[in-house]
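# A look at the structure
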Amino acid sequence: DPALDLKGIAKSYNPGAPNEVQVLRGIDLQVAPGEVVALVAPSGAGKSTLLHIAGLLDTPDTGTVGIGGEDMTGLGDRRRTAVRRADVGFIYQFHHLLPEFTALENIVLPQLANGTGRGAAETRARALLAEVGIEPRADHRPAALSGGEQQRVAFCRALANAPRLLLADEPTGNLDPNTSDQVFAALMSLVRGTGLAALIATHNLDLAARMDRQIRLDAGRLVPA
Ligand code: ADP
Ligand code: ADP
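Let us look at the structure shown here. (Residues numbered from 1 in each chain as written. Chains lettered and ligands numbered in written order. Predicted model: local features only at pLDDT ≥ 70, side-chain atom pairs only at ≥ 80, totals over all residues. Heavy atoms only, no water.)

### Focus: the sheet that holds strand β5 (residues 70-71)
- Here we have four strands laid out as an open sheet, ordered β2-β1-β4-β5, and antiparallel in their pairing. Since the sheet does not close on itself, it has two edges, and those belong to β2 (21-31) and β5, each with one partner.
- Sheet topology places strand β1 (residues 4-13) next to β2; eight bridges connect them, and they run antiparallel. Pairing of I9 across the sheet is with I27, part of β2.
- With respect to the sheet, helix α1 (residues 47-54) is in contact with β1, β2 and β4 (62-67), its orientation differing from that of β1 by roughly 130 degrees. (Pairing = 2+ DSSP bridges. Helix = DSSP H or I, 4+ residues; strand = E, 2+ residues; numbered from the N terminus. Contact = heavy atoms within 4.5 Å. Axes fitted to C-alpha atoms, helices over the stretch in contact; angles between N-to-C directions.)

### Quick look at the pattern of salt bridges
- Taken as a whole and judged by the stated rule, the model has twelve salt bridges.
- Residue E170 is joined to K47 by a salt bridge in which the shortest nitrogen-to-oxygen separation is 3.5 Å. Placement of the pair is E170 in the loop between β7 (165-169) and α6 (177-191) and K47 in helix α1, with a sequence separation of 123 residues. Just as E170 is buried, K47 falls in that class too.
- As a salt-bridge pair, R192 and D212 come within 3.1 Å of each other at their nearest N and O atoms. Of this pair, R192 sits in the loop between α6 and β8 (197-201) while D212 sits in the loop between α7 (205-209) and β9 (213-218), and the two are 20 residues apart along the sequence.
- A network of salt bridges, in which partner residues are shared, links E105, R118 and E122. (Salt bridge = Lys/Arg side-chain N within 4 Å of Asp/Glu carboxyl O. Buried < 20%, exposed > 50% of the residue type's maximum accessible area, 1.4 Å probe, protein only.)

### Things to note about the site of ligand 2
- Neighbouring ligand 2 are L57, T81, R84, R85, F90 and Y92.
- Within the side chain of R84, a nitrogen or oxygen atom sits 2.5 Å from an oxygen atom of ligand 2.
- Of the residues forming the shell around ligand 2, the biggest block, three residues, is contributed by helix α2 (residues 77-87).
- For the shell around ligand 2, a count of residues per class yields three nonpolar, one polar and two charged. (Near = heavy atom within 4 Å. Polar contact = N/O pair within 3.5 Å; in protein donor to acceptor, adjacent residues only side chain to side chain. Nonpolar A, V, L, I, M, F, W, Y, C, P; charged D, E, K, R; others polar.)

### Points about the packing of aromatic side chains
- According to the stated counting rule, one finds one aromatic pair in the structure shown.
- Summarising the aromatic geometry, the rings of F90 and Y92 are spaced 6.4 Å apart at their centres and angled 10 degrees between planes, so their arrangement reads as stacked.
- Assessed through its relative accessible area of 29%, Y92 is described here as partly exposed. (Phe/Tyr/Trp six-rings, centres within 6.5 Å; stacked < 30°, edge-to-face > 60°.)

### Observations concerning the site of ligand 1
- Lining the immediate environment of ligand 1, one finds Y13, N14, V23, P42, S43, G44, A45, G46, K47, S48 and T49.
- In isolation ligand 1 has 560 Å² of accessible area, and contact with the protein removes 59% of it.
- Within the shell around ligand 1, the residues separate by chemical class into four nonpolar, six polar and one charged. (Areas by Shrake-Rupley, 256 points an atom, 1.4 Å probe, with all protein chains shown as cover.)

### A closer look at the packing of helix α5 (residues 147-158) against α6
- In contact at an axis separation of 10 Å, α5 and α6 are set at 20 degrees when each is read in the N-to-C sense. It follows that α5 is roughly parallel to α6 by the angle criterion. Considering only the axes of α5 and α6, their crossing is right-handed. Across the interface between the two elements, G148, Q151, R152, F155 and C156 of α5 pack against T179, Q182, V183, A186, L187 and L190 of α6.
- In the contact of α5 with α6, the residues fall into six nonpolar, four polar and one charged. (Parallel < 35°, antiparallel > 145°, perpendicular 65-115°, else oblique. Left-handed = near helix turned anticlockwise from the far one by under 90°.)

### Focus: the packing of helix α3 (residues 103-113) against helix α4 (residues 118-131)
- Packing of α3 against α4 brings their axes to within 9 Å, and their N-to-C directions diverge by 135 degrees. The pairing of α3 with α4 is recorded here as oblique in orientation. Between α3 and α4 the crossing geometry is right-handed. Across the interface between the two elements, L104, E105, I107, V108, Q111 and L112 from α3 touch R118, A120, A121, E122, R124, A125, R126, L128 and L129 from α4.

Listed below in structure tokens is the structure:
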């Protein structure tokens, strides 16, 4: 089964009103387990809308969203939240870490919310931090970390519950080019070999070229990049 299976997704804001914006016009997209797909699009093209629909944070006007072979289209809010928590990881341009908690706790908390015990959650959090090279920073709060380190922690948090699907919106967009390269490599080291499927929106064509496949969002439709 595809990790992500979007069929015929259409979405308008303010439908029927004079200021209607038709953002997505029939999106079909499958992402296989283990596949890393670059989503390239100019600002305003509808990347965030597409990622939010794929991650069950928003609903399409028409079309279906499948995650891990299950059709999520008709699910109620409780079930959507449970699927999101267990099966989907989100990464944004800004880290959105909880400032009053350490790096480790930021990665432990989503696991506790998902039913993992504290001991196992801490072990996993340390292993994830080690994978991205910042285990020595485990007990620092976000404010004591560099921008690149903060993003690495956010990556670990997104993968804390071992989701099937990772959705990233400009994950290195806030970093200088050098840091961006290293931080992207850290992300790939987390993703590769886990079977995780990833859809990563980026303006950075060098990073896009390092992914398995590139697609472009153009006038509400996907075209090969
Ligand atoms: P991107 O992430 O590619 O910049 P978005 O998905 O955020 O694009 O937005 C796509 C288009 O939809 C833009 O023209 C934006 O102004 C519009 N849009 C986004 N959210 C809303 C909303 N809540 N209400 C009305 N228009 C919106
Ligand atoms: P909780 O009550 O556990 O926070 P939520 O439905 O708010 O449940 O969140 C479930 C998952 O979806 C979490 O991983 C959270 O980070 C993510 N999430 C919720 N809302 C948003 C949002 N607006 N943008 C990005 N991720 C979100």
